[in-house]
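# Coordinate inspection notes
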Amino acid sequence: MTDAIDATDTPTPRRNPKPAKTTIGGRELKPSTLMMGHGFDPVLSEGSLKPPIFLTSTFAFPSAADGKRHFEGITGKREGGAEGLVYSRFNAPNQEILEDRLAIWDGAEDALSFSSGMTAICILMLAYVSQGDVIVHSGPLYAASEGFVAKVLSKFGVTYIDFPAGATREELDDVLQRAKKQAGENGGKVAMIYLESPGNPTNALVDIEAVKDARDANLKWDCPIAIDNTFLGPLWQRPLDHGADIVAYSLTKYVGGHSDLVAGSIAGAKKWMDPVRALRNTMGGIVDPNTAWMLLRSLETVELRMQRAGKNAAKVCAFLKDHPKVDGLGYLGIIHDERQQDIYDRHCLGAGSTFSVFLKGGEAECFRFLDNLTIAKLAVSLGGTETLASHPASMTHLSVPHARRQQLGISDSLVRISIGIEDADDLIADFEQALQHV
Ligand SMILES: Cc1ncc(COP(=O)(O)O)c(C=O)c1O
């Protein structure tokens, strides 16, 4: 066991870098500008233009008195909190710079980084639930998130109620009333509303504004609304602007963007982050310095990559939508449902580059299509520079019971595609020849 303080109840306050310059003459600097230097002061690192990777588990105090002062700050014996870094399970330079920059994209006060998207989501939920509590969540969720709620949290007396992504205000009121009743019977409270929008792999959108209104009307205590924004963030949807309190990411996807790392994050107001930080301090799960450094590099190009992938996806979908072997698309740039279109218009800034294509036929036709692709790789995951394709019903969602898959629209004819930044016409040529084999 480390002799560094286990700050469960007293989160380690963060050390501030040189005051950040985020405006010039009243002009707010854009995230794309801030990604190049925000939160890093080269003077502290021998003038190095880029942050070095700080491979250290612990940080030396200049003197014993400084050490004492630090711990007095952490333990609340002195006002003002910590005055530096102490131990890398809590925080460290690369992670602090990364978290400062991640917070910018979502307009959040604070952010926390983790070793994977699932570590972020699990520690977030664990920080907020107690025995008897109920989690209300949208469906579908990423299978591991759904499994964590249904199979792991249930072992500790936490139950859940889910609702379909497109639920209306009236349906949400009803769900929250039922959740309140369930929590009352179990001696707990509705502890968290957890959303994923758009849902994976159908791209069904949740009305975040309606969820906030329903929460405010039905729950009279601090029940955070958290949302997994992996599919559209950070460029194409900013959930905190629409009433969410906490935004969660698999940084493995668009933010990392090169399919070469695994990481996650959450962001929101400090009051929502502090309990999660405290639990992360205890459990670990912070992203490692090397991955944090890679993410800083990725963040410099995230806007460019996502813009290009989004344009490519629009071109590819324009080709696919009228193809005789294609039955339909689950693409946010072509929505046929009025309610989904309304949510899209209010919440989304772009249609993304991950979508589903429904082929005429079933598994056999999808497999022939997938096995004949030459540019697109057959792999799970999304948001990388390269185009990926997968068959959710037989891969990522195989563990989901058949009836629930049908209910969620994850049929055998669905292929999920994540478009990369290759040449769009090359991709179209590849899809065209693969469809000839269907
Ligand atoms: C929507 C969504 N959320 C969370 C995760 C989990 O992220 P990670 O694989 O980084 O743990 C994934 C992974 O595919 C995902 O697609």
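The structure this text deals with has already been given above.
The structure presented is a predicted model; accordingly, all values stated were derived computationally and were not measured.

### Digging into the overall build of the chain
A count of helices and strands for the chain gives 14 helices and 14 strands. Over its C-alpha atoms the chain spans a radius of gyration of 23 Å, differing by no more than 12% from the 22 Å that the globule rule assigns to 438 residues. Out of the 438 residues belonging to the chain, those deemed buried represent 55%. For the chain, restricting intrachain contacts to residue pairs at least 6 apart in sequence, the fraction spanning at least 24 positions comes to 75%. Counting only carbon and sulfur atoms, one obtains 54% of the accessible surface of the chain, whose full area is about 18500 Å². Computing the positive centroid from 44 side-chain charges and the negative centroid from 55, the chain places the two 3 Å apart.

### What about the pairing of strand E5 (residues 159-164)?
Sheet topology places strand E4 (residues 134-139) next to E5; 6 bridges connect them, and they run parallel. When the bridges of E5 are listed, Gly139 appears paired with Pro164. As for the winding sense of the linkage, the β-α-β connection from E4 through helix H5 (residues 143-152) to E5 is right-handed.

### Focus on the sheet that holds strand E9 (residues 264-268)
Read across the sheet, 7 strands follow the order E3-E9-E8-E7-E6-E4-E5 without closing on themselves; strand pairing throughout is mixed. Across the chains shown, the open sheet's two edge strands, defined by having one partner strand only, are strand E3 (110-114) and E5. In this sheet, neighbouring strand axes are inclined to one another by 20° on average, regardless of whether the strands run parallel or antiparallel. Here strand E8 (residues 246-250) pairs with E9 via 5 bridges, running antiparallel. Among the inter-strand pairings, Tyr249 is bridged to a residue of E9, identified as Ser265.

### Overview of unusual backbone geometry
Following Ser197, the chain continues to Pro198 via a peptide bond in cis, the omega torsion being 0°. Omega for the peptide link from Gly233 to Pro234 comes to 0°, which places this bond in the cis form. Along the chain, Pro234 turns up in the loop between strand E7 (225-228) and E8. Located in the positive-phi region is Ser259, a residue other than glycine, with phi close to 50°. In this fold, Ser259 is placed in the loop between E8 and E9.

### Observations regarding the sheet that holds strand E10 (residues 326-330)
One open sheet accounts for 5 strands, arranged E10-E11-E14-E13-E12; its pairing is mixed. Each edge of the sheet is formed by a strand with only one pairing partner; in this case those strands are E10 and strand E12 (377-378). Pairing geometry for strand E11 (residues 354-359) and strand E14 (residues 414-418), over 5 bridges, is antiparallel. Bridged to Ser356 within E14 is Arg416.

### Digging into empty space enclosed by the protein
This structure, assessed with the given rule, holds 3 cavities of 30 Å³ or more. When its volume is computed, the largest cavity comes out at roughly 60 Å³. What lines the largest cavity is simply Leu102, Trp105, Asp106, Pro234, Tyr249, Val255, Ser265, Ala267 and Leu299. Mapped by element, the contributors of at least two residues to the lining of the largest cavity are helix H3 (93-106) and E9. Counting residues per element, the lining of the largest cavity draws most heavily on H3, at 3 residues. Within the lining of the largest cavity, the residues separate by chemical class into 7 nonpolar, 1 polar and 1 charged. There is about 40 Å³ of room inside the second largest cavity. Looking at the second largest cavity, the residues that line it are Tyr254, Arg305, Met306, Ala309, Gly383, Gly384, Thr385, Ile419, Gly420 and Ile421. The residue makeup of the lining of the second largest cavity, split by class, is 5 nonpolar, 4 polar and 1 charged.

Parameters and conventions
Residues numbered from 1 in each chain as written. Predicted model: local features only at pLDDT ≥ 70, side-chain atom pairs only at ≥ 80, totals over all residues. Heavy atoms only, no water. Helix = DSSP H or I, 4+ residues; strand = E, 2+ residues; numbered from the N terminus. Rg over C-alpha atoms; globule rule 2.2 N^0.38 Å. Buried < 20%, exposed > 50% of the residue type's maximum accessible area, 1.4 Å probe, protein only. Contact = heavy atoms within 4.5 Å. Areas by Shrake-Rupley, 256 points an atom, 1.4 Å probe, with all protein chains shown as cover. Lys, Arg positive; Asp, Glu negative; His and termini not counted. Charge placed at Lys NZ, Arg CZ, Asp CG, Glu CD. Pairing = 2+ DSSP bridges. Right-handed = clockwise from strand over helix to strand, strands pointing away. Axes fitted to C-alpha atoms, helices over the stretch in contact; angles between N-to-C directions. 1 Å grid on protein atoms, 1.4 Å probe; cavity = no way out; pocket = protein on both sides within 12 Å on 5 of 7 lines; lining within 4 Å. Points joined across faces, edges and corners; volume = space filled by probe spheres on them. Nonpolar A, V, L, I, M, F, W, Y, C, P; charged D, E, K, R; others polar.

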